[in-house]
Amino acid sequence: MSKWWQIGIVYQIYPRSFQDSNGDGVGDLPGITQRLGYLQELGVDAIWISPIYPSPMADFGYDVSDYRDIHPLFGTMADMDHLIQAAHDHNLKLILDFVPNHTSDEHPWFLESRSSRRSPKRDWYIWRDPAPDGGPPNNWLSRFDGQSAWEWDAKTGQYYLHSFLAEQPDLNWRNPELRAAMLDVLRFWFDKGVDGFRVDVSYRVMKDAQFRDNPPNPNWQPGMDPAKQVIETYSRNTPDIEHFNRWLREVADEYEDRVLIGEINLPPHELVKHYGRSLNGFHLPFNFNLIFTPWDAAAVRTLIETYEVALPDGAWPNWVLGNHDQHRIASRVGAAQARVAMMLLLTLRGTPTLYYGDELGMLDGDIAPEQVQDPWEKKVPGLGLGRDPERTPLPWTAVPNAGFCPPDVTPWLPLNADAAAVNVASQQANPVSMLTFTQKLIQLRRETAALNQGSYHSLPAPDGLLAYERRHGEQICWVVLNMTGESKKWELPGDAGETSVLLSTEAGELPGIANGALHLRPNEGLVLSV
Ligand code: NOJ
């Protein structure tokens, strides 16, 4: 029997931008609860909500100051309890974000840790003496500005490590007390009925025990992401990470039917190690490789085949096309290909994660310099690294502020300029909108075992077309995607027999099969029943 997290679709909610219920211009938990009907109708199975915990918001919630409470911006613990219940009533699973690599520098643990070298929590964080020249202990760089990842603490005369902002000190998971405290956080939420966790930068948690220098990156040039001046050999994905993965898994396994999803940005052969040697690591190490592969049929096909081959026996695949850290798919590949991308995401073998707003084909928002919120953009402006464009509010209707927040309130980030046209209500009313198409595709996936759990095989196709078979028992589907703006002919790979087209990305009549071939329109993707 397949698990819910294998057959199902995960939908990521960036809570600040989903639905404001109290008129402060920031989305919140009651807002999400109000919109569960929308998600159920869309047809997704689980929602993952980015962090909603108390936080000074230096990194918009990824700097947690209390793992067991709710930030007042998002509501109360009662709102969270209500949301968990309401989600389950809507047949939706609820996944929270767990941020184990670092806390906020305002977390009481860190305040205690930095108070004295003799603090009982000193070792809960990563403190080191200066190098002999008084400088930082090694050459590791902060992910957000490419400056040293070590911050000097004059009071206690040591440096602490922060892989991200100085306001995000890294935790020391080699300390058994810290470990126990963090694992209890998981239990706290599991006991409340939460169905799983997406684990923030899980592959960074265990650092090299000797804190060796990272090697320089010979390919780095000025103008590139400054953090990439070194290759992160010793500051992430160290061999010890398998212990961390197992510790988390052991806690999840104390409960029934929960899922752990690791945020792991690695190529397939490295990524799949995070399933664990005997599948005792993450259920789903997030597979981001589609995001970083050129949008080209041959390249995508090679990626799929490489990943499929790399997967250990029994490991369940997964695919991601967008999230709150990446420019939106419709901006990356264009509006026409965004539909093809959605068809790819929802017909590949494995659990898809859909980023809120991608079902509308939302584009990146335009953020004026004075509207910038993201610390990354503030630290290194103008390199295109800022993440505000993909975090703009979800437009619900065609009124000012699009029903996200009241018309007279300034939302925390501006609505997209096209919100009056690209919004949920107008797309629901349009039988050929991206939303209607996505809903049909989800429905088809849900009712077709070949699509939601069948095997994958590549099929022959000419340049520019990506074609594959999904098969479950006797049930067979073919998917063929025209990843170009030109018409293309596809010769069916076998006897046309009863083959028929079930769904197209394009409006109008479905293409017919004649003489064992079909013609795809520019940017057209098709699902066929064989
Ligand atoms: C990855 C998260 O997705 C990102 O938004 C955050 O800034 C970093 N981890 C640091 O927590």
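Worth saying up front: this structure is predicted, and the values here are computed from it rather than measured.

## Topic: unusual backbone geometry
- Backbone geometry at Met57 places phi at a positive 65°, although glycine is not the residue there.
- Relative to the helices and strands, Met57 is located in the loop between strand S2 (46–49) and helix H4 (77–89).

## Structural notes on the environment of Trp412
- Locating Trp412 in the fold gives a position in the loop between helix H12 (375–379) and helix H13 (424–428).
- Spatially, the C-alpha atom of Trp412 lies 41 Å from that of Arg212, the residues being 200 residues apart in sequence.
- Not counting residues within four places of it along the chain, the set of residues in contact with Trp412 comprises Tyr14, Arg16, Ser17, Gly25, Val26, Phe60, Gln373 and Arg391.
- A polar contact is formed between the side chain of Trp412 and the side chain of Ser17, at a distance of 3.0 Å.

## Structural notes on the site of the ligand
- Inspection of the region around the ligand gives 13 residues, with Asp59, Asp200, His324, Asp325 and Arg387 positioned closest.
- Between the ligand and Asp200, the relevant distance is 2.7 Å, taken from an oxygen atom to a side-chain nitrogen or oxygen of the residue.
- At 2.9 Å from an oxygen atom of the ligand is found a side-chain nitrogen or oxygen belonging to Arg387.
- For the ligand, the accessible surface in isolation is 300 Å², of which the surrounding protein chains cover 97%.
- Under a 2 Å grid-point criterion requiring more than half of the atoms, the pocket assigned to the ligand is the largest pocket.

## Side note on the nonpolar core
- Counting 142 residues, the largest nonpolar core has Tyr11, Met80, Trp173 and Phe197 as its most contacted members.
- Excluding residues within four positions of it along the chain, Trp173 makes contact with Phe98, Pro100, Leu178, Arg179, Met182, Leu183, Val205, Met206, Phe244, Trp247 and Leu248.
- One finds Leu459, Leu465, Ile476 and Leu520 within the second-largest nonpolar core, a separate group that totals 13 residues.

## Observations concerning the layout of surface pockets
- Estimated volume of the largest pocket: approximately 1,100 Å³.
- Along the wall of the largest pocket there are 44 residues; nearest its centre are Arg143, Tyr203, Lys228, Asn265 and Phe292.
- For the lining of the largest pocket, the class distribution of residues is 16 nonpolar, 13 polar and 15 charged.

## Description of the sheet that holds strand S4 (residues 127–128)
- Spatial ordering of the open sheet is given by S4-S6-S5, a layout of three strands whose pairing is antiparallel. Each end of this open sheet is capped by a strand with a single partner; those strands are S4 and strand S5 (150–153).
- Inspection of the sheet shows S4 paired to strand S6 (residues 158–161) by two bridges, in the antiparallel sense. Of the residues in S6, the one forming a bridge with Arg128 is Tyr159.

## Some thoughts on the packing of helix H6 (residues 176–191) against helix H7 (residues 241–252)
- In contact at an axis separation of 10 Å, H6 and H7 are set at 35° when each is read in the N-to-C sense. For the element pair H6 and H7, the recorded crossing hand is right-handed. Contacts between H6 and H7 involve Arg179, Leu183, Leu186, Arg187 and Phe190 from the former and Trp247, Leu248, Val251 and Ala252 from the latter.
- Taken together, the residues of the contact of H6 with H7 sort by class into seven nonpolar, no polar and two charged.

## Notes on the pattern of salt bridges
- Evaluated as defined, the whole model comprises 30 salt bridges.
- A salt bridge links Arg387 to Asp59; its shortest N-O distance comes to 3.1 Å. Of this pair, Arg387 sits in the loop between H12 and H13 while Asp59 is found in the loop between S2 and H4, placing the two residues 328 residues apart along the sequence. There is no split in this pair, since Arg387 and Asp59 are both buried.
- Glu232 is paired through a salt bridge with Arg204; the nearest N and O atoms lie 2.8 Å apart. Here Glu232 is found in the loop between strand S7 (196–199) and H7, whereas its partner Arg204 is found in the loop between S7 and H7, with 28 residues between them in sequence.
- Note on Glu232: relative accessible area 18%, which makes it buried.
- Judged by its relative accessible area of 3%, Arg204 is buried.

## Some remarks on the environment of Gly512
- Looking at the secondary structure, you find Gly512 in the loop between strand S16 (500–504) and strand S17 (517–520).
- For the pair Gly512 and Arg446, spaced 66 residues apart in sequence, the C-alpha to C-alpha distance is 25 Å.

## Concerning the pairing of strand S15 (residues 488–491)
- Across the two faces of S15 the burial differs, with Lys488 and Trp490 buried and Lys489 and Glu491 not buried at all.
- Bridge count for S15 against S17 is four bridges, and the pairing is antiparallel. Paired with Lys488 across the two strands is Leu520, which belongs to S17.

## Digging into the domain arrangement of the chain
- When its domains are assigned, the chain resolves into domain 1 (4–103 + 176–441), domain 2 (108–161) and domain 3 (455–529).
- The interface of domain 1 with domain 2 comprises 27 residues on the first partner and 19 residues on the second.
- Here domain 1 and domain 2 share an interface that buries about 2,000 Å² over both sides, 64% of which is from carbon and sulfur atoms.
- For domain 1, the biggest contributors to the area lost against domain 2 are Leu178, Phe211 and Trp376; these three give 28% of the whole.
- At the junction of domain 1 with domain 2, the criterion picks out one salt bridge.
- If you look at where domain 1 meets domain 2, you find six residue pairs in polar contact (both at pLDDT 80 or more).
- Considering each element in turn, the side of domain 1 that touches domain 2 owes the most residues, four residues, to H6.
- By residue class, the composition of the side of domain 1 that touches domain 2 is eleven nonpolar, five polar and eleven charged.

## A closer look at H4
- An ideal rise of 1.5 Å per residue puts 18 Å on 13 residues; H4 measures up with 18 Å between its terminal C-alpha atoms.
- Looking only at H4, the buried set comprises Met77, Met80, Leu83, Ile84, Ala86 and Ala87.
- Considering only its buried residues, H4 is in contact with helix H2 (29–34), helix H3 (36–42), S2, strand S3 (93–98) and H6.
- A side-chain oxygen of the first residue of H4 lies 3.3 Å from the backbone nitrogen of Ala78; this N-cap is Thr76.
- In the segment just after H4, Asn91 is the residue with positive phi, at about 60°.

Thresholds applied
Throughout, residues of each chain are indexed from 1 in the direction in which the sequence is written. The model is predicted, so local features are restricted to residues of pLDDT at least 70 and side-chain atom pairs to those at 80 or more, both for listing and for counting; the totals for chains, interfaces and linings are taken over all residues. With hydrogens and water excluded, all non-hydrogen atoms of the structure serve as input to the side-chain values. Each helix is a run of H or I in the DSSP string that is no shorter than four residues. Each strand is a run of E no shorter than two, and both are numbered from the N terminus. Pairs of residues are marked as contacts when any of their non-hydrogen atoms sit within 4.5 Å. Any pair of nitrogen or oxygen atoms within 3.5 Å is treated as a polar contact; in protein, a donor-acceptor pairing is required on top of that, and neighbouring residues in sequence qualify only through side-chain atoms on both sides. Being near a molecule or strand, for a residue, means having at least one of its heavy atoms within 4 Å of it. Here the open area of atoms and residues is found with the Shrake-Rupley method and a 1.4 Å probe, where only the protein chains shown may cover a residue. Put simply, the grid is 1 Å and covers the protein atoms alone, a cavity is a trapped set of points that fit a 1.4 Å probe, a pocket is an open set with protein on both sides within 12 Å along at least five of seven lines, and lining residues have an atom within 4 Å of a point. Throughout, a molecule is located in a cavity or pocket provided that more than half of its atoms lie within 2 Å of its grid points. We call a set of buried residues a nonpolar core when its members are Ala, Val, Leu, Ile, Met, Phe, Trp, Tyr or Cys and they connect through side-chain atoms within 4.5 Å of each other. Only protein chains enter the calculation, and the probe is 1.4 Å; a residue is then buried if its accessible area is under 20% of its type maximum, exposed if over 50%, and partly exposed in between. Grid points are joined across faces, edges and corners, and a volume is the space filled by probe spheres set on the points. Amino acids outside the nonpolar list (Ala, Val, Leu, Ile, Met, Phe, Trp, Tyr, Cys, Pro) and the charged list (Asp, Glu, Lys, Arg) are all regarded as polar, and Gly is one of them. A pair of strands is considered paired only if DSSP assigns at least 2 bridges between the two. As a rule, the C-alpha atoms of each element are fitted with a line to give its axis, helices using only the stretch in contact, and angles between N-to-C directions run from 0 to 180 degrees. Take the far helix as the reference: if the near one is turned anticlockwise from it by less than a right angle, the crossing is left-handed, and if turned clockwise, right-handed. Here, a salt bridge means any side-chain nitrogen of Lys or Arg that lies within 4 Å of a carboxyl oxygen of Asp or Glu. These domain limits were set by an automatic method or by a database of domain assignments. Values labelled buried area give the accessible surface lost by two parts on being combined, using a 1.4 Å probe and summing over both. In a helix, the anticipated span is given by 1.5 Å times the number of residues less one.

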